[in-house]
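Residue-level structure breakdown
Chain residues, written in single-letter form:
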Amino acid sequence: MTETAHDDPDRQLVQQAAAGEREAFDELVRRHQTRTHNFVRAMVSDAGEAEDLTQEIFIRAYRAIGRFRGDSAFRTWLFRIATNAVRTHVVRRSRWRALWHRSSGGEREGDATRGDPPSAEDLESDIVRRDSIDRALATLSEDLRAAVTLRDVEGLEYREIAQVLDIPIGTVESRIFRARQRLRPLLEPLVRAPAAAGGAAGRTNHG
Amino acid sequence: MDETLTCERAKPLLARLADGALDGAARVALEGHLAGCAACRVEREAQREVLTVLRARPAAEAPPWLAARISAEIAAESGLLGLADWRGWTLRLAPLAAGLLIAALVWGGLSSTSSPGVSLSPIVETWVMGDRTDGLPATAVFWQSDVSADTLLMTVLRSGPDDTLEAQPQDATK
Ligand SMILES: [Zn+2]
């Protein structure tokens with residue numbers, strides 16, 4: 001179900017926050033922090049970076065909320081801010097790493113394919129499963145990673161993803177297709193060892 | 001939608017079919033293609049396997065203190081914005097405030113010498129006519145765009161209206 005501006009459950013809080021009520025904005029943070037943090041964590045796969053970025057995203061949203069026109073759901077708008085913040089962060093970080101690793105000749109992307117794969121026993125742990133998935137996601141380009149994360153991790157509709165990323169819906173489809181194609185071999189151990197029942201994030205609104 | 005699909009055109013649709021977000025004519029056409037194309041059936045299965053794993057990815061909950069940290073950061077920020085508002089007002093009201101202050105000082109001075117005459121002091125005259133560019137009164141600190149809040153406050157607290165800025169340290173608080 002894609003929310004339009006009219007049935008946006010956050011509409012009233014957004015109006016109050018735009019009028020300067022900080023408590024209303026605090027409530028928006030509480031409602032959206034897990035979703036936002038989880039998305040950012042899947043995008044940057046580092047706990048500390050994810051926390052700082054989540055904070056930055058909400059602060060950007062607070063500064064801009066007076067200019068939010070309501071032509072999309074608040075959630076969609078927040079994801080737009082989040083993807084932009086992540087993009088800026090990733091560019092900054094990769095420049096820094098390029099500089100840092102030039103002398104030692106290291107390139108950290110692609111680590112997911114090295115080292116010992118986790119054992120089937122390890123994969124029963126939520127943290128190990130998530131870490132394996134995030135390492136696989138980290139091998140994708142930022143464009144592909146954002147598209148597939150918004151769809152399969154966050155459960156957004158194709159149309160909403162097109163809005164968030166500001167690209168045509170056909171591009172969303174092909175990015176998701178290619179992202180899954182590249183992830184398939186990397187996720188082999190997880191495909192073979194399905195999550196224990198109840199281990200899932202519990203979102204039911206896919207499709 | 002075209003009845004005959006090439007594999008190339010079928011692929012983006014496979015992504016949608018795999019996660020149940022494809023309906024209508026497009027779905028019929030794609031299923032027609034899949035019936036005769038083993039390669040695309042393999043792709044569809046791979047798409048399904050990946051999305052099944054990703055949907056079951058255990059969510060990374062935000063740490064419990066994060067909302068409070070964000071709230072505190074925003075409170076601090078709106079404190080600064082409040083100051084900016086206050087400064088905006090001050091900018092507009094500064095000439096009036098300065099005039100009133102000086103008038104009060106002049107009035108005090110006049111009262112103490114018990115002289116009844118009402119005239120603008122030379123300082124106020126200069127201020128209001130405002131052609132003087134050297135030796136600006138201390139209240140001119142309000143017109144500087146990058147002065148810190150502390151400098152601003154200290155200027156107000158310490159200076160008389162006819163003090164000049166020459167002795168002000170350059171942003172001593174930083
Ligand atoms: Zn085919």
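Heads up: the structure comes first, above all this text.
Residues numbered from 1 in each chain as written. Chains lettered and ligands numbered in written order. Predicted model: local features only at pLDDT ≥ 70, side-chain atom pairs only at ≥ 80, totals over all residues. Heavy atoms only, no water.

Topic: the overall build of chain B
A tally of regular secondary structure across chain B gives six helices and zero strands. Counting helices and strands in the order they occur from the N terminus, chain B gives α-α-α-α-α-α. The 174 residues of chain B split such that 35% are buried. Taking the contacts inside chain B whose residues are at least 6 apart along the sequence as the reference set, 54% of them involve residues at least 24 apart. Surface accessibility of chain B: about 10,500 Å² in total, with carbon and sulfur atoms responsible for 61%. (Helix = DSSP H or I, 4+ residues; strand = E, 2+ residues; numbered from the N terminus. Buried < 20%, exposed > 50% of the residue type's maximum accessible area, 1.4 Å probe, protein only. Contact = heavy atoms within 4.5 Å. Areas by Shrake-Rupley, 256 points an atom, 1.4 Å probe, with all protein chains shown as cover.)

Observations regarding the coordination of the zinc ion
Residues and elements named next belong to chain B. The protein atoms that coordinate the zinc ion are Cys7 (SG), His33 (NE2), Cys37 (SG) and Cys40 (SG), at distances spanning 2.1 to 2.3 Å. Angles of 103 to 115° at the metal separate the four donor atoms of the zinc ion, which places the site in the tetrahedral class. All donor residues of the zinc ion come from one chain, and their arrangement in sequence is C-x25-H-x3-C-x2-C. Of the residues examined, Cys40 reaches a relative accessible area of 1% and is grouped as buried. (Donors = N, O, S within 2.8 Å, 3.2 Å for Na, K, Ca; no water. Tetrahedral: all angles 85-135°; square planar, octahedral: opposite > 155°, others 65-115°.)

Quick notes on helix α6 (residues 142-153) of chain A
All names here are of chain A. Within α6, eleven of the twelve residues are buried, which leaves the element mostly enclosed by the surrounding structure. All buried positions along α6 are accounted for by Glu142, Leu144, Arg145, Ala146, Ala147, Val148, Thr149, Leu150, Arg151, Asp152 and Val153. Two residues or fewer after α6 comes Gly155, characterised by a positive phi angle close to 75°.

Some remarks on unusual backbone geometry
Residue and element names in this part refer to chain A. Backbone geometry places Ser45, a non-glycine residue, at a positive phi of 45°. Mapping Ser45 onto the fold places it in the loop between α2 (22-44) and α3 (47-64). Backbone geometry places Asp166, a non-glycine residue, at a positive phi of 60°. Exposure remark for Asp166: the relative accessible area of 58% places this residue in the exposed category.

Points about the packing of α6(A) against helix α7 (residues 158-165) of chain A
All names here are of chain A. As a packed pair, α6 and α7 sit with axes 10 Å apart at the nearest point and diverge in direction by 140°. Between α6 and α7, the angle falls in the class oblique. In the packing of α6 onto α7, the handedness of the crossing is right-handed. Here Ala146, Ala147, Leu150 and Arg151 of α6 lie close against α7, whose contacting residues are Tyr158, Ile161, Val164 and Leu165. Split into classes, the residues belonging to the contact of α6 with α7 amount to seven nonpolar, no polar and one charged. (Axes fitted to C-alpha atoms, helices over the stretch in contact; angles between N-to-C directions. Parallel < 35°, antiparallel > 145°, perpendicular 65-115°, else oblique. Left-handed = near helix turned anticlockwise from the far one by under 90°. Nonpolar A, V, L, I, M, F, W, Y, C, P; charged D, E, K, R; others polar.)

Describing the nonpolar core
One finds A:Phe25 and B:Leu30 to be the most contacted residues of the largest nonpolar core, which totals 62 residues. Here this core gets nine residues from one element, more than from any other, and that element is helix α4 (residues 74-101) of chain A. Ignoring anything within four residues of it in the chain, the contact list for A:Phe25 reads A:Ala17, A:Phe58, A:Ala61, A:Tyr62, A:Ile65 and B:Ile74. If you look at the next biggest cluster of nonpolar residues, it comprises 17 residues, including A:Leu123, A:Ala179, A:Leu190 and B:Val53. (Core = buried A, V, L, I, M, F, W, Y, C linked by side-chain atoms within 4.5 Å.)

Here's the deal with the interface of chain B and chain A
The partner chain A presents 47 residues to the 38 residues of chain B that form the contact. Counting each side, the surface lost to burial between chain B and chain A is near 4,000 Å², with a carbon and sulfur contribution of 62%. Measuring nitrogen to oxygen at the nearest pair gives 2.4 Å for the salt bridge that ties A:Glu173 to B:Arg16. Linking chain B with chain A are 20 residue pairs in polar contact (both at pLDDT 80 or more). Those elements giving two or more residues to the side of chain B that touches chain A turn out to be α1 (7-18), α3 (38-55) and α4 (66-112) of chain B. With ten residues, α4(B) is the single largest residue contributor to the side of chain B that touches chain A. In terms of residue class, the side of chain B that touches chain A is made up of 23 nonpolar, four polar and eleven charged. (Buried area = accessible area lost by both parts, 1.4 Å probe. Salt bridge = Lys/Arg side-chain N within 4 Å of Asp/Glu carboxyl O. Polar contact = N/O pair within 3.5 Å; in protein donor to acceptor, adjacent residues only side chain to side chain.)

Considering the pattern of salt bridges
Tallied over the full model, the rule gives 22 salt bridges over all chains. Among the ionic pairs, B:Asp23 bridges to B:Arg27, the shortest N-O distance being 4.0 Å. What you see here is one network of salt bridges that share partners, running through A:Asp10, A:Glu27, A:Arg30 and A:Arg31.

Quick look at α1(B)
The end-to-end C-alpha distance of α1(B) is 15 Å, a good match for the 16 Å that twelve residues give at a rise of 1.5 Å each. Along α1(B), the residues classified as buried are B:Ala10, B:Pro12, B:Leu13, B:Leu14, B:Ala15, B:Arg16, B:Leu17 and B:Ala18. Where α1(B) is buried, its residues touch α7 and α8 (169-186) of chain A together with α2 (24-35) and α3 of chain B. (Expected span 1.5 Å × (residues − 1).)

Regarding the packing of aromatic side chains
Counted under the stated rule, the structure contains five aromatic pairs over all chains. Both rings, one in A:Phe68 and one in A:Phe74, keep their centres 6.3 Å apart while their planes meet at 75°; by these two values the pair is edge-to-face. Here A:Phe68 and A:Trp77 contribute two aromatic rings whose centre-to-centre distance is 4.7 Å and whose plane-to-plane angle is 35°, an arrangement assigned as tilted. Like A:Trp77, A:Phe68 is buried. Positioned above the aromatic ring of A:Tyr158 is the side chain of B:Arg16, whose terminal nitrogen or guanidinium carbon lies 4.3 Å from the ring centre. (Phe/Tyr/Trp six-rings, centres within 6.5 Å; stacked < 30°, edge-to-face > 60°. Lys NZ or Arg CZ within 6 Å of the ring centre and 35° of its normal.)

As for the environment of A:Leu186
When you line up the elements, A:Leu186 lands in helix α8. Distance in space between the C-alpha atoms of A:Leu186 and A:Ser132 is 8.9 Å, their sequence separation being 54 residues.

Considerations on the packing of α6(A) against α3(B)
Taken N-terminus to C-terminus, the directions of α6(A) and α3(B) make an angle of 70°; their axes are 9 Å apart at the nearest point. When the interaxial angle is binned, α6(A) and α3(B) end up roughly perpendicular. Where α6(A) abuts α3(B), its residues A:Val148, A:Arg151, A:Asp152 and A:Val153 lie against B:Leu51, B:Leu54 and B:Arg55.

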